[in-house]
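# Summary of the model geometry
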Amino acid sequence: MVMLAQYQKKPINLSNKWNKSTNFTGIPVIDLSYPDDAKNLMVKACQDYGFFKVINHGVPLRLATELENETMRFFNMSQSEKDKYCSPSPFGYGTNTIGPNGDVGWVEYLLFASNNITTNSKTFS
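Below is a summary of the structure that appears in this document. Everything numeric in this text was worked out from a predicted model, so none of it was measured.

### With respect to a nonpolar patch on the surface
A cluster of nonpolar residues, Ile27, Tyr49 and Phe51, forms a patch on the protein surface that exposes about 280 Å² of accessible area. Tracing the chain through its elements places phenylalanine 51 in the loop between helix H1 (35-48) and strand E3 (53-55).

See below:
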C-alpha cells in the first residue's frame, strides 16, 4: 500500500509535466476471477499507471477495512515513529523521492509479504 506523504520535501509543480492531451480514464480494475487475464492486466496497469484496483480477490470486507484502518494509523505516526518499525529489506516501511531526478515529489510506502512466513516480528499499537 502506498500512501501520500504527510509533507513534501519541496513544492511540486506538475503544470509543465502533464500532457494535457492525455485523458485519464480511471484507475485500472483487475478482476481476479479471471486469473489468466489478470496477470497480463496487472503488468499493463503497472507499466501505464503504476497502480491498480483489485476486485473479486476473496478478502473479506471486514479484514480489508481493518487493514486499511491499521495502515492509516501507521502512516499518521510521526516520521521518527515510523522509522523505528522496519526498514524495507525487502518488506517493510520505506521512503523515496520520485521523478527522473527525485524532483517530482516524495513517497512513503509499506510493503507486505503475501505468505504466512513471518518476516518481521515488530508490531505497533
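### Section: the pattern of salt bridges
Using the criterion set out here, one finds five salt bridges in the structure. A salt bridge links lysine 44 to aspartate 48; the nearest nitrogen and oxygen atoms lie 2.6 Å apart. In this pair, lysine 44 and aspartate 48 both sit in helix H1, four residues apart, roughly one turn of the helix. Residue lysine 44 is classed as partly exposed on the basis of its relative accessible area, which comes to 46%. On the basis of relative accessibility, which here comes to 45%, the residue aspartate 48 falls in the partly exposed class. Linking glutamate 66 and arginine 62 is a salt bridge whose minimum nitrogen-to-oxygen distance equals 3.3 Å. Of this pair, glutamate 66 and arginine 62 both sit in helix H2 (residues 61-75), four residues apart, roughly one helical turn. Accessibility expressed as a relative area gives 42% for glutamate 66, which makes it partly exposed.

### So, the side chain of glutamate 108
Structurally, glutamate 108 can be placed in strand E5 (residues 105-111). Classification of glutamate 108 by relative accessible area gives buried; the value is 1%.

### Let's talk about the environment of aspartate 48
Considered as a pair, aspartate 48 and proline 28 are 20 residues apart in the sequence and their alpha carbons are 9.4 Å apart. At a separation of 2.6 Å, a polar atom in the side chain of aspartate 48 contacts the side chain of lysine 44.

### What to know about the environment of leucine 32
Relative to the elements of secondary structure, leucine 32 occurs in the loop between strand E2 (29-31) and H1. A C-alpha to C-alpha distance of 8.8 Å links leucine 32 and glycine 58, two positions 26 residues apart in sequence. Leaving out residues up to four positions away in the same chain, leucine 32 has contacts with Ala38, Met42, Val54, Ile55, Asn56 and His57.

### Quick look at H1
Note: α-helices contain 3.6 residues per turn, so residues at a spacing of three or four share the same orientation. Here H1 spans 20 Å end to end across 14 residues, near enough to the 20 Å set by a 1.5 Å rise per residue. Looking one or two residues beyond H1, the residue adopting positive phi is glycine 50, at roughly 90°.

### Looking at the pairing of E5
Of all the seven residues making up E5, six are buried; the element is thus mostly covered by neighbouring parts of the structure. Pairing geometry for strand E4 (residues 92-98) and E5, over seven bridges, is antiparallel. From the neighbouring strand, threonine 97 faces E5, where its bridge partner is tryptophan 106.

Reading the values: the criteria
- Residues numbered from 1 in each chain as written.
- Predicted model: local features only at pLDDT ≥ 70, side-chain atom pairs only at ≥ 80, totals over all residues.
- Heavy atoms only, no water.
- Patch = residues over 30% accessible without salt bridge, like charges linked within 9 Å, V, L, I, M, F, W, Y side chains within 5 Å.
- Areas by Shrake-Rupley, 256 points an atom, 1.4 Å probe, with all protein chains shown as cover.
- Salt bridge = Lys/Arg side-chain N within 4 Å of Asp/Glu carboxyl O.
- Helix = DSSP H or I, 4+ residues; strand = E, 2+ residues; numbered from the N terminus.
- Buried < 20%, exposed > 50% of the residue type's maximum accessible area, 1.4 Å probe, protein only.
- Polar contact = N/O pair within 3.5 Å; in protein donor to acceptor, adjacent residues only side chain to side chain.
- Contact = heavy atoms within 4.5 Å.
- Expected span 1.5 Å × (residues − 1).
- Pairing = 2+ DSSP bridges.

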